[in-house]
Structures are given as C-alpha cells and as structure tokens.
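The primary structure of each chain is shown beneath.
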Amino acid sequence: MVKSFNNLLQLVQEKEPKRIAVAVPEDKQVLSAIKASKDLNIIEPILVGNEFKIVNISQEIGFNLSGVKIIDEKDKVLASRKA
C-alpha cells in the first residue's frame, strides 16, 4: 500500500520510464514538469510543437534536450493530433 508521495515516487522509479508524448509544450511550467520527471527517470518524453520555442525555453530553464525527441509542428491543432 502506498502511504506517501515519496513511497509512490520510489515505486515508480523502480519501473522502466514511460514514453509520453506532450502536445505543444511551449511554456516554462510544462517544460519544467517534463524536466523534473525526466530527471527522476520516470518518463521518456516526446515533445510535439514549435521546436524553436521548445529549445529556447528549455535553454532558459536548464533542460538538456539531448536524447529527447522533438517533432516540429507549429500548428497547435496538428501538434495535438500528432501527439
């Protein structure tokens, strides 16, 4: 039984990272959450959106995108569909 968030986090970290696609991750809050989850080795993100914006914001927050797949799609509706 999970009794705390730390206990839950430990259980999740014992598993393989989950691959997730994130549509239009073009703001600091979303990319910060993705970075934190990737740093904890619980996700393998695929980012679908405006690559220029994603890269620039990631640099601002210190998110190393090496090994992260980015699908460049500037149209937000199409990015959402692709994700």
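Position labels on residues start from 1 in each chain and follow its written sequence. Reporting of local features is limited, given that this is a predicted model, to residues whose pLDDT is at least 70; pairs of side-chain atoms are given and counted only at 80 or more, and all residues count toward the totals for whole chains, interfaces and linings. As a rule here, side-chain values come from all non-hydrogen atoms in the structure, and water together with hydrogens is ignored.

Asks: What is the right way to look at the overall build of the chain in this model?
Replies: Numbering of helices and strands starts at the N terminus; helices are DSSP runs of H or I of at least 4 residues and strands are runs of E of at least 2. For the chain, the count of helices and strands is four helices and three strands. From first element to last, N terminus to C terminus, the chain shows the α and β order α-β-α-β-α-β-α. Exposure categories follow from relative accessible area, calculated using a 1.4 Å probe and restricted to protein chains: below 20% of the type maximum is buried, above 50% is exposed, and the middle band is partly exposed. Counting over 83 residues, the chain shows a buried share of 29%. Any two residues whose heavy atoms approach within 4.5 Å are treated as being in contact. Contacts spanning at least 24 positions in sequence make up 61% of the contacts within the chain whose residues lie at least 6 apart. Residue burial considers only the protein chains on display, and all accessible areas are found by Shrake-Rupley using a 1.4 Å probe. Only carbon and sulfur atoms are counted for the fraction: they give 52% of the accessible area of the chain, which is about 5,700 Å². In the chain, 13 side chains carry a positive charge and 11 a negative one; their mean positions are 4 Å apart. Within this scheme the basic residues Lys and Arg register as positive and the acidic residues Asp and Glu register as negative, but His and the chain ends are omitted. We put the charge of a Lys on NZ, of an Arg on CZ, of an Asp on CG and of a Glu on CD.

Asks: Looking at this model, I keep getting lost on the environment of valine 30. Mind explaining?
Replies: Topologically, valine 30 is positioned in helix H2 (residues 28-39). Taking C-alpha positions, valine 30 is 12 Å from glycine 49, a pair spaced 19 residues apart along the chain. What valine 30 contacts, discounting residues up to four positions off in sequence, is Val22 and Pro25.

Asks: I keep staring at the sheet that holds strand S3 (residues 69-72) and nothing clicks. Help me out?
Replies: In any sheet, the strands associate via hydrogen bonds between backbone groups, in a parallel or an antiparallel arrangement. One open sheet accounts for three strands, arranged S1-S2-S3; its pairing is parallel. Unpaired on one side and paired on the other, strand S1 (18-23) and S3 mark the two borders of the sheet. Each adjacent strand pair in this sheet contributes to an overall mean axis angle of 20°, direction not counted. Think of it this way: DSSP has to see at least two bridges between two strands before they count as a pair. Note: S1 against strand S2 (residues 43-49), six bridges, orientation parallel. Of the residues in S2, the one forming a bridge with lysine 18 is isoleucine 43. Interaxial angle, 0 to 180 degrees, is taken between N-to-C directions of lines fitted to C-alpha atoms, where a helix line uses only the stretch in contact. Contacting S1 and S2, H2 runs over the sheet at an angle of about 155° to S2. With respect to the sheet, helix H3 (residues 51-61) is in contact with S2 and S3, its orientation differing from that of S3 by roughly 140°.

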